[in-house]
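# Structural overview
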Amino acid sequence: MTRLTGRALRLTVYTGEDDIWHHKPLYTEIVHRAHAAGLAGASVFRGIEGFGASSRIHTSRLLSLSEDLPVAVVVVDTEERIRAFLPQLDELVTEGLVTLDDCEVIRYVGRTDGAGTTDVKGEKSL
C-alpha cells in the first residue's frame, strides 16, 4: 500500500472532455498511466462551465449546451514521483494547462472490507 503523509505535490491537468488519445478520452489515459506508474491516486472532475486559452466558453447550461466541457485530472503524490510522471504528460497533453501546487497530505487511507485492507491498486492485504 502506498503511504503518503506530509509534504506532497498536486498535479492538475485542465483539458476538455472531448480531448482524445488513441480513440479514448485523454483523461482516461492520464488516470490509467498514473495508476500504472504507481502514483497514490487520481481523480477526474468535470466542470460545468469554463474557458481556456481559446477563450471559447464551454457550458452545461441548456440554452448553450456544449459537449466539450472542462475536465480537471488531479493527482497527488510525493514531489519525486509526480516529477517522474511529467514526461508522460508531455506526450499526452497537446493543448490545455498543467499545474503543480505544493500541498500537505493530512490523511490518506484506503477502504477496508472487513477481511483486510485494499490498497490503491485494489490488492488486498491482511
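As shown above, the structure is provided for reference.
Below or above, wherever it landed, is the structure these notes cover. This structure is a prediction, so every number in the text was calculated from the model and none was measured. Sequence order as written defines the numbering, with residues in each chain counted from 1. Local features in this predicted model are restricted to residues of pLDDT 70 or higher, and side-chain atom pairs are both shown and tallied only at a pLDDT of 80 or more, whereas totals for entire chains, interfaces and linings draw on every residue. In computing side-chain properties, one takes all heavy atoms of the structure into account and sets aside hydrogens as well as water.

## Points about the layout of surface pockets
The calculated volume of the largest pocket comes to roughly 470 Å³. Residues are said to line a cavity or pocket when one of their atoms sits within 4 Å of a point; the points come from a 1 Å grid over protein atoms alone, cavities being sets where a 1.4 Å probe fits but cannot get out and pockets being open sets with protein on both sides within 12 Å along at least five of seven lines. Along the wall of the largest pocket there are 21 residues; nearest its centre are Thr15, Gly16, Gly52, Ala53 and Gly96. Listed by contribution, the elements that provide at least two residues to the lining of the largest pocket are β1 (6–16), β5 (49–50) and β7 (70–77). Asp, Glu, Lys and Arg are counted as charged, while Ala, Val, Leu, Ile, Met, Phe, Trp, Tyr, Cys and Pro are counted as nonpolar; the rest, among them Gly, fall into the polar class. Here the residues of the lining of the largest pocket are counted per class, giving eight nonpolar, eight polar and five charged. Computed from the structure, the second largest pocket encloses a volume of approximately 150 Å³. As for the second largest pocket, its lining consists of Leu4, Ala40, Gly41, Ala42, Ser43, Val74, Val76, Val105 and Tyr108. Counting from the N terminus, the helices are the DSSP runs of H or I reaching at least four residues and the strands are the DSSP runs of E reaching at least two. Those elements that place two or more of their residues in the lining of the second largest pocket are β4 (42–46) and β7. Grid points are joined across faces, edges and corners, and a volume is the space filled by probe spheres set on the points.

## Some points on unusual backbone geometry
At His22, a position not held by glycine, the phi torsion is positive, near 50 degrees. Think of it in three bands: with a 1.4 Å probe and only protein chains considered, a residue is buried below 20% of the maximum accessible area for its type, exposed above 50%, and partly exposed in between. According to the relative accessible area criterion, His22 is exposed, its value standing at 60%. Phi angles above zero are rare outside glycine, and His23 is one such case at about 70 degrees. Among the secondary structure elements, His23 is positioned in the loop between β2 (20–21) and β3 (24–25).

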